[in-house]
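# Topology and contacts: notes
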Amino acid sequence: MSKSKKNVCIIGLGYIGLPTAVLISSCGYSVLGVDKKKNIIDSLNNGVPHFYEPNLDQLCSSVVNNGLLRASSEIIESDVYIICVPTPFKNNKQPDLSYVKNATEELSKYIKEGDLVILESTSPVGTTELVKEIINKERQDLDLNDNNSPVKKVSKEMISLPTIWTHLEWVPVKQITPSKLLYFFIISSISSERLNIS
């Protein structure tokens, strides 16, 4: 599928979700950012990020003005879904996964064969399985327990060291930063193209 036809839905427009949305849309993908806060939605649709990060404002303005990025309070049918919702600690010092659960339940209404789901929220080991269980429950027509399932499942928990090495061996070490790694993993999941992340 070409970039022009591949639609990406990023759920959660915080410190991970918004830069991810901006970077992916800057590669030519059509991106919808989803958030529940009206001020974040309005700000992004005006091309203005709601927090500061170096160079984010110029890039955000550019992709919004070019029609590659927009924001909404509602998920729509897409080809790629990236969950970037918060997972704050509860009083018992355990992560609150309710936002992840709610986002998964909501995207389950739209997911179809061949779609890619990425869990990028900071979360404990096993959360990917929780996402899978929710999708299986909500969409029994898409059996993720089947190894031949057409729905791809990719997350930080499922990236193996050999895969990372294969993709990164050509990148100079001094150019690798956490934000570039995140960007690279996501773009590599969406597209088979090798991208220059310097």
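For the structure itself, look to the data block above.
Here's a quick rundown of the structure. For every chain, the first residue of the written sequence is number 1, and numbering continues from 1 onward in sequence order. Only residues with pLDDT of at least 70 are given local features in this predicted model, and only at 80 or more are side-chain atom pairs given and counted; all residues enter the totals for whole chains, interfaces and linings. Just so you know, side-chain values use all the structure's heavy atoms and leave hydrogens and water out.

### So, the overall build of the protein chain
The numbering of helices and of strands both runs from the N terminus, where a helix is a DSSP run of H or I of at least 4 residues and a strand a run of E of at least 2. The helix and strand tally for the protein chain stands at seven helices and six strands. Reading the protein chain from its N end, one meets helices and strands in the order β-α-β-α-α-β-β-α-β-α-β-α-α. The contact rule is simple, with two residues in contact once any of their heavy atoms fall within 4.5 Å. Long-range contacts, defined as pairs at least 24 residues apart, comprise 70% of the intrachain contacts of the protein chain with a sequence gap of at least 6. Note on areas: these come from Shrake-Rupley sampling with a 1.4 Å probe, and a residue is covered only by the protein chains present in the view. Carbon and sulfur atoms make up 52% of the accessible area of the protein chain, which totals about 11000 Å².

### Examining the pattern of salt bridges
Any Lys or Arg side-chain nitrogen located within 4 Å of an Asp or Glu carboxyl oxygen qualifies as a salt bridge. Under the counting rule described, the total for this entry stands at six salt bridges. In this structure, Asp42 engages Lys38 in a salt bridge whose closest nitrogen and oxygen atoms are separated by 2.6 Å. Here Asp42 pairs with Lys38, and both are found in helix H2 (residues 38-45), just four residues apart, close to one helical turn. The rule is simple: take the accessible area with a 1.4 Å probe, protein chains only, and divide by the maximum for that residue type; under 20% is buried, over 50% is exposed, in between is partly exposed. Owing to a relative accessible area of 33%, Asp42 belongs among the partly exposed residues under this scheme. In this structure Lys38 comes out as exposed when scored by relative accessible area, which is 59%. Residues participating in the shared-partner salt-bridge network are Asp79, Lys112 and Asp115.

### Concerning the packing of aromatic side chains
Working definition: rings of Phe, Tyr and Trp (its six-membered ring) pair if their centres are within 6.5 Å, and the pair is stacked with planes under 30 degrees apart, edge-to-face with planes over 60 apart, and tilted otherwise. For the coordinates displayed, the defined rule picks out one aromatic pair. Their ring planes at 45° and their centres at 4.5 Å tell us that Tyr15 and Phe51 sit as a pair that is tilted. Placement of Tyr15 in the loop between strand S1 (7-11) and helix H1 (17-26) and of Phe51 in the loop between H2 and helix H3 (56-65) is noted, with a sequence separation of 36 residues between them. When its relative accessible area of 64% is taken as the criterion, Tyr15 is described as exposed.

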